[in-house]
Amino acid sequence: MTFITKTMLTLAAGALSLTGLAQGAQAEFAAVGDPKPAIILFGPTNDGGWSQSIDEARQTVEEELDMRIPQAEEIPESATAIRPAAELFIDRGSNIIIGSAFGYSDTFKELSEQYPDILFINPAGITNGPNLKSVYGRTYQSQYLCGMVAGGLSKSGKIGFVAANPFPLVNWTVNAYLLGAREVNPDAELTVVFTGAWGDPVKERAATQALVEQGVDVIGQHVDTPTPQVVAEEAGIYATGHHRDLSEFSEATQCSSVWTWDKFLVPEIEKIAAGEWEEAPYGAFLGIDEGGTDVACCGDAVSDELKAKVMEARDKIISGEAPVFAGPITDRDGTERVPEGEVLSDADLWAMDWFVPGVTGGE
Amino acid sequence: MDFLANWLINIPGFAVPFALAALGLIFSERAGVLNLGAEGFMLGGALAGVGLTLNGAPPLVALGGAMVAGAALGLVFAVLVAGLRINHVISGLALVFLAQALTSYIANENDWANQSFAGLQDLVLGQDIVVWATPLLCLGTVWLLGRTRFGLTLRAVGENPGAADAAGIDVTAMRFAAIAIGAALMGLAGGYLTVAVSKIWVDNVVGGRGWIAIALVIFARWHPWRALAGALLFGCIEALIPRVNAAGWAVPQYYLQMTPYLATLAVMIWSAARGGDRWAQPAALGQHHIREERD
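Let me sum up the structure you'll find in this document.

Focus: the sheet that holds strand β2 (residues 71-72) of chain A
No. 1: In spatial order, the strands read β2-β1-β3-β4-β5-β11 (chain A); together these six strands make up an open sheet with parallel pairing. Two strands bound the open sheet, and with one partner strand each, they are β2 and β11 (284-286) of chain A.

In C-alpha cells:
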C-alpha cells in the first residue's frame, strides 16, 4: 500500500467517523416500544459474585415484567467476542442489550453508534451516548454499613480488607469501610492487601492469612470470590462480603454488600416501554435505594443494638442526611479532600487515589 | 520473628505448583517438544482435584486423578504435535484455550465453583506430603534424565531427532511418552494448587501460573535442580508480598512482583553471554521430525 492510499484511507475513515458522531448527536433516541432485553454476561452465572448478581436480577425482572430475557455467558472483554453476541441478539429481535463489564465500554459505544435504534445499558461501563447508558452502584454506601458491622464486631480494633486492584472504585470501598467502622469504634484501624487480581483464590487466601497473622479479627473484601470468607471461618474470625450475600459460603459472613440490579432494571425497562427513557451524559450512579448495592445484614454475631444502628445509618444515607464522604475529610498524608460542610463530588469519587487516616497499605 | 516464621512456613505451598509444573515442562522440552500448554494441563489437574474432592475422594486420590487428567490432556497435545506434527506453539496455545473453556464448562455443569473443602492436611512442620515429595521427584527426574537409558533416549530425541531415528529410536513414541509424563506432573501441579492451596474452584483458578512455570524453565536452563531453586525464589516472593502489605510496610508491591521476572531476565542474559553449557536449550526444541525430510 502506498503512502497516498494509506493517507486517503485514514482521511476517509476520519470523515466517516465524524459523520457517525454527527448523526449520533442529532438522533434523539426513539423509544423502542415493546422492550425485548438481552444480557451479555462477562462471567459464568454461578461465579458466586458479580455475574451471578446480574443473573439473579434477570430472573426477578423476568417474573415482575412477565418476559423472557435471553442471556450469553462468559463473553470476554474483547470486541471480537462482544460484537457477535450483541449482533446475534439484535438479529433475533432484541432491542435492549445489557452488558456487564468495564471492558465492554468501547465496543458498546461503537455498537450504539452503528445501531441507533437499539438501546445499550452497561453495568460497570464508562461510555455513554444517546442510546447508551453506563451504570454503577455507589458501593461505598453499603460497604460503609458493612464497615459499621466490622467495627462493632472487632475486639482488637484491627480490621483487615482484601481488595483486588487499587482503582478508585475499590479505594472508595476501602475508605468507606473504615469510616463506617470508626462510626462504631473510633479507634478502629484497617489494613488493606491488594491482590492484583479480581478472582485469584490462591492470592486471596494468602492475603487473608497474612492479615490474620497480624491479628485482625474482622475481614472485609472487594474481590470476586468468597475465599476471604472461607479463610475467616477457618481462622475463627468474622468477615463481610461483597457482590452477593456470601453467608451461603461461610458462617463467618456477618454482613454483605449486595447488588440489587433488579431494583434498577425493572423501572428502567418500564420507562423504556413508556417512551420516557432519557439519556444520561455521565451515566447512572445508583444509590442504595436505586438499585446499586444494598446490605444483606446481619449475621448471628451482630447484636440487635448494632443492627439497629446500621439500619438507622442506612436510612440517613438514603435520605441524604448523612452521606458517607461528608467533610471534613483529610487523607492520611494530611491533604484536605473534603472541606467542612461539603460532600465529596462524583468526579472526585471516580478519581479517588487517596486513603483516609487509619488505612494501612495500598502503597 | 513471627513474621519470618509465617513467611518461611508459607513458601513451599507457593513453590510446589511452580516446581512440579517446571519439572513436567522439562520432561516435555528435553524431548524437543516446545510446550506452551502448561496452563491448560494445570487447569485440567486443578479441576479433577476439585471434582474428586467434592465427590468425597480423599486428597491423595484426588491428586492421583489430577495426574490422570493432566496426562489425558497431554495425550491430546501429543497427538497434535508428535502425531500430526502441528506447530508446537499453536498447539500449545490452542490446548490452553480448550482447557480454559472445558474446565469452566464442566465446573459450571456440576456446580463445583466456590464450594470450599478441607483439602490436603499438613504432615510434618506445617507441610503436606506433596511438599516433602517434591525434592524426591526432582531427584528422580535428574536420575531418570541423566542416568538411565530412557533419559538418554529422551534427550537424544530432543537434541537430534534425525540421529536418534537413525539409531533405531522411535521418535514419535518417545515424544508421546515425554509429553504424557510431563503433562501428568503439570496436572499434579494444578491439582495441588486447588486441593492443597486454594481449597476452592473458580474458573481459571490457575491464574497464569502455567506461564510463570514456562519462564521458570528458561530461567533454569532446562535443569531440574535449578528449576526447583527458581520455584523456591518465586514461592518466596509470592509468600512475601501479602505479608509485607499486611505488616504495613510501605513497599510498593509492584516492585516486589517484578523481582522474579528481573531474575529470569538476568539469568537469560547471563547464560547467553556465557555461551552454551551442558544443560542449555535442547537443540531440536520446537522442531518436528519427519523421516527422510531434509532439515
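With respect to the pattern of salt bridges
Residues and elements named next belong to chain A.
No. 1: Tallied over the full model, the rule gives 18 salt bridges over all chains.
No. 2: Of the charged contacts, one joins Arg 182 and Glu 189 as a salt bridge, the two residues approaching to 3.9 Å between their closest N and O atoms.
No. 3: Taking the shortest distance from any N to any O, the salt bridge between Arg 205 and Glu 234 comes out at 2.9 Å. Placement of the pair is Arg 205 in helix α7 (residues 201-213) and Glu 234 in helix α8 (residues 227-235), with a sequence separation of 29 residues.
No. 4: Residue classification places Glu 234 among the partly exposed positions, given a relative accessible area of 45%.

Things to note about the pairing of strand β1 (residues 37-40) of chain A
All names here are of chain A.
No. 1: In β1, alternate side chains face the same way, and those of Pro 37 and Ile 39 on one face and Ala 38 and Ile 40 on the other are all buried.
No. 2: Pairing between β1 and strand β3 (residues 96-98): three bridges, direction parallel. Residue pairing across strands places Ile 39 opposite Ile 98, the latter belonging to β3.
No. 3: The pairing of β1 with β2 spans two bridges and is parallel. Within the sheet, the bridge partner assigned to Ile 40 lies in β2 and is Ala 72.
No. 4: For the segment spanning β1, helix α2 (residues 50-65) and β2, crossover handedness is right-handed.

With respect to the interface of chain B and chain A
No. 1: Facing 33 residues of chain B, the contacting portion of chain A comprises 31 residues.
No. 2: Both sides of the chain B and chain A interface together cover about 2,400 Å² of buried area, and 54% of this is carbon and sulfur.
No. 3: In terms of surface lost to chain A, no three residues of chain B exceed Asn 114, Arg 243 and Ala 246 of chain B, which account for 20% of the buried area on that side.
No. 4: The interface formed by chain B and chain A holds two salt bridges in total.
No. 5: For Asp 200 of chain A, the salt bridge goes to Arg 209 of chain B, with nearest N and O atoms at 3.1 Å.

So, the packing of helix α1 (residues 2-30) of chain B against helix α8 (residues 171-198) of chain B
Residues and elements named next belong to chain B.
No. 1: Where α1 contacts α8, the axes come no closer than 7 Å and their chain directions differ by 170°. By the angle between their directions, the pair α1 and α8 is classed as roughly antiparallel. Contacts between α1 and α8 involve Gly 13, Val 16, Pro 17, Leu 20, Ala 21, Leu 23, Gly 24, Leu 25, Phe 27 and Ser 28 from the first element and Ala 178, Ile 179, Ile 181, Gly 182, Leu 185, Met 186, Leu 188, Ala 189, Tyr 192, Leu 193 and Val 197 from the second.
No. 2: Here the contact of α1 with α8 is built from residues that sort into 17 nonpolar, four polar and no charged.

Side note on the nonpolar core
No. 1: Grouped together as the largest cluster of nonpolar side chains are 84 residues, with contacts concentrated most on Tyr 192 and Trp 201 of chain B.
No. 2: Excluding its chain neighbours within four sequence positions, the residues that come into contact with Trp 201 of chain B are Leu 43, Ala 46, Leu 47, Val 50, Thr 103, Ala 107, Trp 112, Ala 113, Asn 114 and Thr 194 of chain B.
No. 3: Core analysis: the next-biggest nonpolar cluster, separate from the first, contains 69 residues, Trp 50, Ile 54, Cys 146 and Ala 150 of chain A among them.

Considerations on unusual backbone geometry
No. 1: Between Cys 297 of chain A and Cys 298 of chain A the backbone carries a cis peptide bond, its omega angle lying at 5°.
No. 2: Among the structural elements, Cys 298 of chain A can be located in the loop between β12 (293-297) and α10 (304-319).
No. 3: At the junction of Gly 327 of chain A and Pro 328 of chain A, the peptide bond is cis and its omega measures out at 0° in the coordinates.
No. 4: Residue position: Pro 328 of chain A is located in the loop between α10 and β13 (329-330).
No. 5: A positive phi is found at His 243 of chain A, a non-glycine position, where the angle reads about 80°.
No. 6: For His 243 of chain A, the position within the fold is in strand β9 (residues 238-243).
No. 7: For His 243 of chain A, a relative accessible area of 5% translates into the label buried.
No. 8: Even without being a glycine, Asn 114 of chain B presents a positive backbone phi close to 65°.
No. 9: Note on placement: Asn 114 of chain B falls in the loop between α4 (88-109) and α5 (129-147).
No. 10: Take Asn 114 of chain B: its relative accessible area is 2%, and that puts it in the buried class.

Calculation criteria
Residues numbered from 1 in each chain as written. Chains lettered and ligands numbered in written order. Predicted model: local features only at pLDDT ≥ 70, side-chain atom pairs only at ≥ 80, totals over all residues. Heavy atoms only, no water. Pairing = 2+ DSSP bridges. Helix = DSSP H or I, 4+ residues; strand = E, 2+ residues; numbered from the N terminus. Salt bridge = Lys/Arg side-chain N within 4 Å of Asp/Glu carboxyl O. Buried < 20%, exposed > 50% of the residue type's maximum accessible area, 1.4 Å probe, protein only. Right-handed = clockwise from strand over helix to strand, strands pointing away. Contact = heavy atoms within 4.5 Å. Buried area = accessible area lost by both parts, 1.4 Å probe. Axes fitted to C-alpha atoms, helices over the stretch in contact; angles between N-to-C directions. Parallel < 35°, antiparallel > 145°, perpendicular 65-115°, else oblique. Nonpolar A, V, L, I, M, F, W, Y, C, P; charged D, E, K, R; others polar. Core = buried A, V, L, I, M, F, W, Y, C linked by side-chain atoms within 4.5 Å.

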